[in-house]
Amino acid sequence: MAVISPEAYLERLRGYPKNVYVSGRLVDRDDPLLLPGINCVQETYRAALDPALRDLVLTRSHLTGEEISRYTHVHRGVDDLLKKQEMTRALCHRVGGCIQRCMATDTLNAMGVVSKEIDDAKGTDYHRRFLEFLEHYQREDLVGNAAQTDVKGDRSKRPGDQLDPDLYLRVVKRTKDGIIVRGAKIHNTMGPYSDEILALPTRVMRKEEADYAVSFAIPTHTKGVKLICRVTNVRPRLELKAPLNTFGISDSFTVFDDVFVPWERVFMCGEWEFAGRMALLFANYHRHSYCGCKPAVTDIIMGATALVAEYNGVGRAPHIQHELTELMIIAELVYASGIAAAVKGRQTSSGIYEPAALYSNTGRYLAGKHIYHEYDILAATAGGLPATLPFEQDWLNPETRAYLEKYIARNPEVSPEKQHRLFRFISDFSCSAWAGVMQYAGVHGGGSPIMEEIGIRSIYDLESKKRIVKYLAGIDE
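Residues numbered from 1 in each chain as written. Predicted model: local features only at pLDDT ≥ 70, side-chain atom pairs only at ≥ 80, totals over all residues. Heavy atoms only, no water.

A. Summary view of the overall build of the chain. Regarding its fold elements, the chain presents 16 helices and 15 strands. For a compact globule of 477 residues, the expected C-alpha radius of gyration is about 23 Å, and the chain comes in at 24 Å, within 12% of that figure. Structurally, the chain occupies a C-alpha span of about 75 × 70 × 50 Å along its principal axes. Taking all 477 residues of the chain together, the buried fraction comes to 55%. At a minimum sequence separation of 6, the contacts of the chain that also span at least 24 residues come to 76%. If you sum the accessible surface of the chain, you get close to 20,600 Å²; carbon and sulfur atoms cover 57% of it. Taken together, the 59 basic and 61 acidic charged side chains of the chain have centroids lying 2 Å from each other. (Helix = DSSP H or I, 4+ residues; strand = E, 2+ residues; numbered from the N terminus. Rg over C-alpha atoms; globule rule 2.2 N^0.38 Å. Buried < 20%, exposed > 50% of the residue type's maximum accessible area, 1.4 Å probe, protein only. Contact = heavy atoms within 4.5 Å. Areas by Shrake-Rupley, 256 points an atom, 1.4 Å probe, with all protein chains shown as cover. Lys, Arg positive; Asp, Glu negative; His and termini not counted. Charge placed at Lys NZ, Arg CZ, Asp CG, Glu CD.)

B. Region of interest: the side chain of Asn411. Here Asn411 lies in the loop between helix H12 (398-407) and helix H13 (416-430). Residue class for Asn411 comes out buried when judged on its relative accessible area of 18%. Side-chain polar atoms of Asn411 contact the backbone nitrogen of Glu413, separated by 2.9 Å. (Polar contact = N/O pair within 3.5 Å; in protein donor to acceptor, adjacent residues only side chain to side chain.)

C. Structural view of the packing of aromatic side chains. Tallied over the entire structure, the rule returns 9 aromatic pairs. Relative to Phe267, the ring of Phe130 has its centre 5.7 Å away and its plane inclined at 85°; by these criteria the two rings are edge-to-face. Of this pair, Phe130 sits in helix H6 (residues 126-139) while Phe267 sits in strand S13 (residues 266-269), placing them 137 residues apart in sequence. Each member of the pair, Phe130 as well as Phe267, carries the same accessibility label: buried. A ring pair is formed by Phe429 and Trp434, whose centres lie 6.1 Å apart and whose planes are at 55°; its orientation type is tilted. Judged on exposure class, the residue Phe429 and its partner Trp434 are both buried. (Phe/Tyr/Trp six-rings, centres within 6.5 Å; stacked < 30°, edge-to-face > 60°.)

D. Up close: a nonpolar patch on the surface. Taken together, the side chains of Ile468, Val469, Tyr471 and Leu472 define a hydrophobic patch exposed on the protein surface, amounting to about 490 Å² of accessible area. Its location among the elements puts Tyr471 in helix H16 (residues 462-473). (Patch = residues over 30% accessible without salt bridge, like charges linked within 9 Å, V, L, I, M, F, W, Y side chains within 5 Å. Salt bridge = Lys/Arg side-chain N within 4 Å of Asp/Glu carboxyl O.)

E. Here's a closer look at H13. Its 15 residues give H13 an end-to-end C-alpha distance of 21 Å, which sits within 8% of 21 Å, the value for a rise of 1.5 Å per residue. Along H13, the residues classified as buried are Gln419, His420, Leu422, Phe423, Arg424, Ile426, Ser427, Asp428, Phe429 and Ser430. Buried residues along H13 sit in contact with helix H7 (275-312), helix H9 (357-382), helix H10 (385-388), helix H11 (392-396) and helix H14 (433-444). (Expected span 1.5 Å × (residues − 1).)

F. Broad picture of the packing of helix H1 (residues 6-14) against helix H2 (residues 35-49). Remark: H1 packs on H2, axes separated minimally by 8 Å, with the N-to-C direction vectors making an angle of 140°. If you check the angle between H1 and H2, you find them oblique. Here H1 runs over H2; the crossing is right-handed. The residues of H2 that touch H1, namely those facing Pro6, Glu7, Tyr9, Leu10, Arg12 and Leu13, are Leu35, Ile38, Val41, Gln42, Tyr45, Arg46 and Leu49. Split by residue class, the contact of H1 with H2 holds 9 nonpolar, 1 polar and 3 charged. (Axes fitted to C-alpha atoms, helices over the stretch in contact; angles between N-to-C directions. Parallel < 35°, antiparallel > 145°, perpendicular 65-115°, else oblique. Left-handed = near helix turned anticlockwise from the far one by under 90°. Nonpolar A, V, L, I, M, F, W, Y, C, P; charged D, E, K, R; others polar.)

G. How the structure looks around the nonpolar core. Formed by 102 residues in total, the largest nonpolar core has its most connected members in Tyr9, Val181, Phe216, Phe256 and Phe429. With 13 residues, H7 is the single largest residue contributor to this core. With 18 residues, the next largest nonpolar core counts Leu56, Met87, Leu91 and Cys102 among its residues. (Core = buried A, V, L, I, M, F, W, Y, C linked by side-chain atoms within 4.5 Å.)

H. Fine view of the side chain of Glu209. Along the polypeptide, Glu209 turns up in the loop between strand S9 (196-199) and strand S10 (214-219). For Glu209, the contacting residues outside a window of four places in its chain are Arg158, Pro159, Gly160 and Val204.

I. Structural view of empty space enclosed by the protein. The tally for this structure, following the rule as stated, stands at 1 cavity of 30 Å³ or more. Space inside the largest cavity adds up to approximately 60 Å³. As for the largest cavity, its lining consists of Cys40, Val95, Gly97, Cys98, Gln100, Val234, Phe247, Gly248, Ile249, Trp434 and Met438. Elements supplying a minimum of two residues to the lining of the largest cavity: strand S12 (248-262) and H14. (1 Å grid on protein atoms, 1.4 Å probe; cavity = no way out; pocket = protein on both sides within 12 Å on 5 of 7 lines; lining within 4 Å. Points joined across faces, edges and corners; volume = space filled by probe spheres on them.)

J. Representation of the packing of H7 against helix H8 (residues 318-343). Put simply, H7 and H8 touch, their axes get as near as 9 Å, and they point 165° apart. By the angle between their directions, the pair H7 and H8 is classed as roughly antiparallel. Taken as a pair, H7 and H8 cross one another with a handedness that is left-handed. The residue inventory of the contact of H7 with H8, partitioned by class, reads 16 nonpolar, 6 polar and 2 charged.

K. Summary view of H12. Little of H12 is tucked away, with 1 of its 10 residues classed as buried. Its side-chain oxygen at 3.0 Å from the backbone nitrogen of Glu399, Asn397 defines the N-terminal cap of H12.

L. Looking closely at the state of the cysteines. A complete count under the given rule lists 0 disulfides for this structure. This cysteine, Cys92, is not joined by any disulfide, and Cys293 carries the nearest cysteine sulfur, 5.1 Å off. (Disulfide = S-S within 2.5 Å.)

M. The pairing of S12, seen in detail. As judged from the 9 bridges shared by strand S8 (residues 178-189) and S12, these two strands associate in the antiparallel manner. The residue of S12 that forms the bridge with Ala184 is Val255. (Pairing = 2+ DSSP bridges.)

N. Just unusual backbone geometry, in detail. Positioned with a positive phi, Gln100 is a non-glycine residue whose angle comes to about 75°. Tracing the chain through its elements places Gln100 in the loop between helix H4 (78-95) and helix H5 (102-122). The backbone of Asp258 sits at a positive phi, close to 55°, despite the residue not being glycine. Within the fold, Asp258 resides in strand S12. With relative accessibility at 38%, the residue Asp258 sits in the partly exposed group.

O. Here's a closer look at the pattern of salt bridges. Inspection of the entire model under this criterion finds 45 salt bridges. Here the salt bridges share partners, and the residues they tie into one network are Arg158, Asp161, Arg206, Glu208 and Glu209.

Shown next, in the form of structure tokens:
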């Protein structure tokens with residue numbers, strides 16, 4: 001199989017037993033509320049059929065030699081890291097923001113690297129299990145969701161110090177056939193329309209917290225799994241159809257109520273020394289992905305700012321030109337950080353390449369710190385109309401349409417419909433419920449800026465900079 005169609009992906013979801021809850025209801029996987037999010041993921045399958053994107057989205061499995069989706073691939077070299085970043089930027093342009101599927105790719109790579117490192121250190125068999133799972137994942141062209149963030153309880157306490165031990169996902173029993181896990185993971189983007197849950201630790205663990213050092217993959221419909229979901233979709237259109245308005249996103253609060261995981265699907269169990277390594281490596285891969293998706297979002301903000309300035313007749317105003325240039329610099333600095341992370345990456349013992357964390361953290365930090373400023377530039381240029389624009393029904397109403405077309409006019413070379421479409425797009429993109437979620441994700445997704453600061457400080461060689469100055473100043477060691 002290896003590469004499937006968008007329709008086959010949806011049909012597969014329809015075959016799963018019900019365990020998805022939305023707004024107090026137990027729903028099917030193709031519930032109307034979930035379809036915009038599904039449509040977003042389907043775009044990754046459509047891209048594989050698009051001659052303009054096919055060579056970017058598809059690659060060859062190092063396990064079977066078959067053509068596979070890059071979303072199911074593990075990075076075998078610098079070129080793979082660069083193409084993942086390029087693919088992410090290109091596909092985010094198609095959906096107006098997060099393409100969602102990259103999180104599982106980042107998890108697979110982290111699992112692949114660390115399962116081998118555990119084997120190297122302890123003589124375990126995790127990496128063979130991972131490769132067998134990966135071959136299945138590639139062959140079926142599956143969609144995973146990254147289950148990393150635990151609910152954490154009292155933030156001042158470690159996992160082992162919580163009053164309720166289940167506030168971090170943990171192993172509660174080991175049997176000859178597998179393990180039983182209990183707990184919950186949050187922020188699991190695309191949980192209700194994914195095939196597999198890819199679970200991994202959220203932090204460094206101590207020896208006495210070994211039961212929390214666990215990583216595995218299970219189908220999303222496994223007995224005992226409950227997916228309690230928040231859905232945010234772009235506002236639908238009546239007649240003024242537009243691509244952005246067909247997409248959405250959902251995140252699951254994933255409950256593991258004594259869930260059985262067979263040993264063949266377990267990639268870490270009790271190796272507490274490696275919990276932090278897997279957690280941070282996933283963050284590194286995902287921050288590298290952000291060096292692709294965040295420039296894509298800036299591209300959209302930049303394009304909307306330039307277009308609304310043109311439609312308003314102020315496209316050549318010096319302050320707007322200055323702010324557009326600032327957006328260009330932000331987008332390309334973040335993207336350049338991803339390129340540097342790839343080029344400076346290294347091969348691990350698994351054969352999988354990891355990006356250089358200094359640069360992926362730097363890129364993600366720049367993205368998170370600037371996101372609201374970028375929206376501010378768009379809002380200042382567009383003015384208040386995106387927030388107060390009359391409903392689409394009023395544009396369709398013969399009694400009011402002529403008034404709205406007359407008074408929205410600005411640039412005489414731009415038709416009222418184009419003006420209306422642009423302002424409605426900016427309204428949906430920047431001041432809607434969906435936009436609010438995307439703005440928060442721009443700050444916190446992949447790790448808040450403070451986490452990148454910590455990551456950069458922990459690996460930066462500040463002492464070498466001091467030595468440079470001692471040399472230049474003639475200060476003896």
